[in-house]
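Take a look at the letters that make up each chain.
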Amino acid sequence: MIYKSLYRTYRPQQFSEVVGQKHIVTALSNALKRNKIAHAYLFCGPRGIGKTTVAKLFAKAVNCLQPDQAPCGECASCVSMNQPNHPDIIEMDAASNNGVDEIREIVDKVKYAPVEGKYKIYIIDEVHMLTSGAFNALLKTLEEPPRHVIFILATTDPQKVIPTVISRTQRFDFTRASVKDISELIEKVAEEEKIQIDPEAIKLIAELADGGFRDGLSILEQVIAFADEEISVEVVSEVYRLAKAEDLQYFIEDILNLDVKEAYRRLELFDQMSIDYRRFTHDLMELCKASVILKLTKDSTFVAGRFQEAAETLSMHSESHRLLDFIDEFLNVQNNARFSGLYRSYLEVATLKLCQVEEQKVVEPVTERPTVTKVAMDKSEKSPVLPVQPKPQKKTRVEPKVEIKAPNPTNSQKVEEDIISVLIDLMVLGKKELREQESERWYKVNDLALDPEYRKVAIILKNSDIKISGEEFVVVSLARQEQVNVLNQPSNQQLIRETMKAAIGTEKSVLAVSNQELSKAVTIFMDKMNSKTLPTIEEAQKQLVRFEVKEPEEIEIIDPEALLKEMLGDLVVVKDE
Ligand SMILES: [Zn+2]
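The structure presented is a predicted model; accordingly, all values stated were derived computationally and were not measured.

**Examining the coordination of the zinc ion**
The protein atoms donating to the zinc ion are Cys64 (SG), Cys72 (SG), Cys75 (SG) and Cys78 (SG), with metal-donor distances spanning 2.3 Å. Classification of the site at the zinc ion rests on its 4 donor atoms, whose angles at the metal span 101 to 117 degrees, yielding the label tetrahedral. Taken in sequence order, the residues that donate to the zinc ion follow the motif C-x7-C-x2-C-x2-C. Placement of the pair is cysteine 64 in the loop between α3 (51-63) and α4 (76-81) and cysteine 78 in helix α4, with a sequence separation of 14 residues. According to the relative accessible area criterion, cysteine 64 is buried, its value standing at 8%. Since its relative accessible area comes to 0%, cysteine 78 is described here as buried.

This is the structure:
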């Protein structure tokens, strides 16, 4: 018997069986019912989330003899199309056949009528891989295809598909599946296959699948092959060599405690457990991110999943800016080790860097923070963890609580995703006329750069260009990241506002970004504009308000009058002089 993968075995046979992608399935079934079928479609989205599945269902549906329930799965056409290699469904993988000759062959045969049904359907997967010659050969046919032909082009990278092709197709963007959707699918398949699997394990597999149904089922398949009896979280972790959430938490706590020795011992142990460091680094970032989200939102629904408990503990014992620094460093590890594979070495370096915090002048209110206690450790033999004695957080920076903490210059600004989504919101809010007016006056910063009052920031601003301008803000771009960082330092904001007033006549906030960040944001903006998923002005404003609360959260503003009252009670009456 030929082995058939779970993903193929459980491929939906009807639109109603498709999990997720409801917006697409509904649009396609409505088009079928109203007989408004386009001759070319473009299916975009990450791999393994059902593009080909939906394409095949649609191919079956257009030929189904019962259009009301298409694809019915019962009529002669549907039954016949269930066979592999049906002559009216022509599949091509552009990743392996990307040349002009292959496309010419398709184009030549397009004119022949379908063998059985009404339509011949060409499914071209990874269409962005076609050479430009091949694209051009395809273009003419896409412009005026015979009536019996439908093209479904699928791609994981729509930005590489030439615009003339995109404009001739009806585009659908497939979204990553939610953990819930993937969990449901895994649960269903496990039930059909009579496999014992515990709910936590299902959830973990769904998380590992990273939004892909196909990955979810192939992980399940591997775990089934490995497990003897019931599939548990431990089994999945073992197959995928994952560190447990609490091990990640302890490692982060070691660094928070500035305990290099303990952190290194733990890495040594992870080595013995043959942890997958790539995944480990990714998980460290996820855990830090979850902790910051918890700190800022106080809402645990944002961090469902296996990191929830660990994130709660960490969020109580650490500062957001510290965790954001961690994310930065782990991101560096990921970028640097991606090709060399030297995750362990880079993690050691990151640990050293993060433990050098004493040299930075960071003031933290230590008084109220409970000590980091190591929760009961798992002593099972399967997953050994270092027995660590509870130890107090190192109190290296005891300062009176009244101090206003110096904000860290390199925290949230460096989280690229955040920046890009903020930029997109600002693009939505930006006004072209304002930008043009202000750009005309921008030469004035050259003069301000000579003025001692403004020099500190004007000397950098003069290297920048105004890229977006709104009623209350301006976005400038710069070539050098260090200069971007200086402009974004909270301590410079007031001076920048004054400099803006002197240069363009209006006091405005300035967000500095690097040229790369801006060009990335522009690409995503265009993409969203094409797929009509841009935020509305209202949504953009709302999201920006949310972004801005991050900074003040860190700063304690003390009203001296209130402080006096708190200390001395009503004995003190503060008089206005
Ligand atoms: Zn049918």
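**Topic: the environment of lysine 456**
For lysine 456, the position within the fold is in helix α21 (residues 455-461). For lysine 456, a relative accessible area of 54% puts it in the exposed group. Taking C-alpha positions, lysine 456 is 9.2 Å from isoleucine 496, a pair spaced 40 residues apart along the chain. Discounting chain neighbours no more than four positions away, the residues touching lysine 456 are Asn492 and Leu495.

**Some words on the sheet that holds strand β2 (residues 89-93)**
Read from one edge of the open sheet, 5 strands run β2-β3-β4-β1-β5, paired in parallel fashion. Edge positions in the sheet fall to β2 and β5 (170-173), since each has one partner strand and no second. Between one strand axis and the next, the sheet turns through 15 degrees on average, direction left out of account. Relative to strand β4 (residues 149-155), strand β3 (residues 120-125) runs parallel, the two sharing 5 bridges. Among the inter-strand pairings, isoleucine 123 is bridged to a residue of β4, identified as isoleucine 152. The strands that helix α2 (residues 22-33) touches are β1 (40-44) and β5; relative to β5, the one it contacts most, it runs at about 150 degrees.

**Considering the pairing of β2**
Pairing between β2 and β3: 5 bridges, direction parallel. Residue pairing for β3: isoleucine 90 is matched across the bridge by tyrosine 122.

**Observations regarding the packing of aromatic side chains**
Counted under the stated rule, the structure contains 11 aromatic pairs. Their ring planes at 50 degrees and their centres at 5.1 Å tell us that phenylalanine 43 and phenylalanine 174 sit as a pair that is tilted. Here the residue phenylalanine 43 occupies a position in strand β1, and phenylalanine 174 occupies one in the loop between β5 and α8 (179-192), the gap between them amounting to 131 residues. Phenylalanine 174 carries the same exposure label as phenylalanine 43, and that label is buried.

**Some details on the sheet that holds strand β8 (residues 509-514)**
Neighbouring strands of a sheet are bound in pairs by backbone hydrogen bonds; such pairs are parallel or else antiparallel. With mixed pairing, the 3 strands of this open sheet are ordered in space as β6-β7-β8. Each edge of the open sheet carries a strand with a single partner, namely β6 (465-469) and β8. Ignoring strand direction, the axes of neighbouring strands in this sheet form an average angle of 30 degrees. Bridge count for β6 against strand β7 (residues 473-478) is 4 bridges, and the pairing is antiparallel. By the bridge assignment, serine 469 is partnered in β7 with valine 474. Along the sheet, helix α22 (residues 481-488) contacts β7 and β8; its crossing angle with β8, the most-contacted strand, is approximately 160 degrees.

Rules behind the numbers
Residues numbered from 1 in each chain as written. Predicted model: local features only at pLDDT ≥ 70, side-chain atom pairs only at ≥ 80, totals over all residues. Heavy atoms only, no water. Donors = N, O, S within 2.8 Å, 3.2 Å for Na, K, Ca; no water. Tetrahedral: all angles 85-135°; square planar, octahedral: opposite > 155°, others 65-115°. Helix = DSSP H or I, 4+ residues; strand = E, 2+ residues; numbered from the N terminus. Buried < 20%, exposed > 50% of the residue type's maximum accessible area, 1.4 Å probe, protein only. Contact = heavy atoms within 4.5 Å. Pairing = 2+ DSSP bridges. Axes fitted to C-alpha atoms, helices over the stretch in contact; angles between N-to-C directions. Phe/Tyr/Trp six-rings, centres within 6.5 Å; stacked < 30°, edge-to-face > 60°.

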